[in-house]
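Residue strings, one per chain:
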Amino acid sequence: MKFQFSEKKVSLPSSVHAYAEKKVMKLERFFRDDAEALVAFSVEKDRNKVEITVHAANTYFRASEATSDMYASIDAAVSTIERQIRKNKTRLARRLRQDAFVRSAEVTSFAPEAEEEGHFEIVRVKEFPMKPMTREEAILQMNLLEHNFFAFKDEENGEAFAVVYKRNDGGYGLIENIG
């Protein structure tokens, strides 16, 4: 497993990085050798925050935990990812194709916009390849990423651009292109 570490508003000794690497390596049994882990450390309001993102087999698993102790935050984040994997392992194997999250080479860009007195400023651009997938696959990927929405190419609508999102009532919504 390949590791990347980032620190925001904090400078940590290498022993914390080594501890995080040791804990995250326990997840390696679920993935092939090409797995990548990004571990981001930060301090917010006297809380030690750790965000771990694991990318393997074109699927992302992410957890973010904040406690009073950086080591406890690492432990909690690893436990959360392990829980996600166990919860979705049978669902992935049973309900989805083997290549459910394999991305195509096509890249599409999306950017959040901020409005400031009639002026729109793009403050961040994210680019990611989109592949055709079913609506269920898109919802599963959204849940694994712990996002509120997920953009994808809808297999059930001729690979048209679509967005699934979490509704306040606990259900899911779909925005689809009809044009």
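Since the model is a prediction, treat every value here as computed from it, not as a measurement.

Enquirer: Whenever I open this one, the nonpolar core confuses me. Can you help?
Expert: For soluble globular proteins, the rule of thumb is that nonpolar side chains tend to be buried together. In this structure, Val24, Leu27, Phe31, Phe41, Val50, Ile52 and Ile81 are the most contacted members of the largest nonpolar core, which totals 26 residues. Listed by contribution, the elements that provide at least two residues to this core are helix H1 (14–25), strand E2 (36–44), strand E3 (47–56), strand E4 (59–67), helix H2 (70–95) and helix H3 (135–145). Not counting residues within four places of it along the chain, the set of residues in contact with Val24 comprises Met1, Phe3, Ala37, Val39, Ile52 and Val78. Core analysis: the next-biggest nonpolar cluster, separate from the first, contains nine residues, Ile139, Leu145, Phe150 and Ala162 among them.

Enquirer: Quick question: what am I supposed to make of the packing of aromatic side chains here?
Expert: The relation between two aromatic rings is expressed through the spacing of the ring centres and the mutual angle of the planes. All told, the structure shown has three aromatic pairs when counted by the stated rule. For the ring pair Phe3 and Phe5, a centre distance of 6.0 Å and an interplane angle of 5° mean the geometry is stacked. Aromatic side chains Phe5 and Phe41 sit 6.2 Å apart centroid to centroid with 15° between the ring planes, which places their arrangement in the stacked category. In this pair, Phe5 sits in strand E1 (residues 2–8) while Phe41 sits in strand E2, placing the two residues 36 residues apart along the sequence. Grouped by ring-pair contacts, the aromatic residues Phe3, Phe5 and Phe41 constitute a single cluster.

Enquirer: Looking at this structure, how should I read the sheet that holds strand E12 (residues 172–176)?
Expert: The four strands are arranged E9-E10-E11-E12 in an open sheet whose pairing can be described as mixed. Edge strands, defined here as strands with exactly one partner in the open sheet, are strand E9 (132–133) and E12. Set on the sheet, H3 makes contact with E9, strand E10 (149–154), strand E11 (160–166) and E12; between it and E10 the angle comes to about 150°.

Enquirer: Is there a simple way to explain the sheet that holds E1 in this structure?
Expert: Pairing between the strands of a sheet comes from backbone hydrogen bonds, and it takes one of two forms, parallel or antiparallel. Overall, mixed pairing links the four strands, which are arranged E1-E2-E3-E4 in an open sheet. Each edge of the open sheet carries a strand with a single partner, namely E1 and E4. Along the sheet, successive strands turn relative to each other by an average axial angle of 15°, direction set aside. Relative to E4, E3 is paired through nine bridges, and the arrangement is antiparallel. Bridging across to E4, Lys49 finds its partner in Ala66. Across the sheet, H1 lies against E1, E2 and E3, angled at about 135° from E1, the strand it touches most.

Enquirer: I would appreciate a short explanation of the pattern of salt bridges in the present structure.
Expert: Side chains that carry opposite charge are capable of pairing whenever their charged atoms lie near each other. For the structure on display, the rule yields six salt bridges. The partner of Glu44 in a salt bridge is Lys49, and the shortest N-O contact between them spans 4.0 Å. For Glu44, a relative accessible area of 36% puts it in the partly exposed group. Residues joined by salt bridges that share partners form a network here, namely Arg135, Asp154, Glu156 and Glu176.

Enquirer: What is the right way to read H1 from this model?
Expert: Taking 1.5 Å of rise per residue, the twelve residues of H1 would be expected to cover 16 Å, and the 16 Å separating its terminal C-alpha atoms lies within 8% of that figure. For H1, the complete set of buried residues consists of Val16, His17, Ala20, Lys23 and Val24. Around the axis of H1, the buried residues are gathered within 130° of arc, so they sit on the same side. Those residues of H1 that are exposed and aimed more than 90 degrees away from the buried face are Ser14 and Lys22.

Enquirer: For this particular structure, what's the right way to read the confidence of the model for the protein chain?
Expert: Detailed reading of the predicted coordinates is not advisable wherever pLDDT falls low. Put simply, the protein chain has an average pLDDT of 81, and 80% of its residues get 70 or more. When pLDDT is averaged over each helix and strand of the protein chain, the minimum, 41, is found for strand E6 (residues 113–116) and the maximum, 93, for E12. Here residues 94–117 scores under 50 on pLDDT; set against residues more than four positions off or in separate chains, the count is 67 contacts.

Enquirer: Before we go on, may I ask you to explain unusual backbone geometry in this structure?
Expert: If a residue is not glycine, its phi is most likely negative; likewise, a peptide bond is most likely trans. Phi is positive for Lys9, which is not a glycine, with a value near 65°. Relative to the assigned elements, Lys9 resides in the loop between E1 and H1. Lys9 sits in the exposed class, given a relative accessible area of 69%. Non-glycine residue Asp46 carries a positive phi angle of around 60°. Relative to the helices and strands, Asp46 is located in the loop between E2 and E3.

So, how was this worked out
- Residues numbered from 1 in each chain as written.
- Predicted model: local features only at pLDDT ≥ 70, side-chain atom pairs only at ≥ 80, totals over all residues.
- Heavy atoms only, no water.
- Core = buried A, V, L, I, M, F, W, Y, C linked by side-chain atoms within 4.5 Å.
- Buried < 20%, exposed > 50% of the residue type's maximum accessible area, 1.4 Å probe, protein only.
- Helix = DSSP H or I, 4+ residues; strand = E, 2+ residues; numbered from the N terminus.
- Contact = heavy atoms within 4.5 Å.
- Phe/Tyr/Trp six-rings, centres within 6.5 Å; stacked < 30°, edge-to-face > 60°.
- Pairing = 2+ DSSP bridges.
- Axes fitted to C-alpha atoms, helices over the stretch in contact; angles between N-to-C directions.
- Salt bridge = Lys/Arg side-chain N within 4 Å of Asp/Glu carboxyl O.
- Expected span 1.5 Å × (residues − 1).
- Arc of directions from axis to C-beta.
- pLDDT = per-residue confidence, 0-100.

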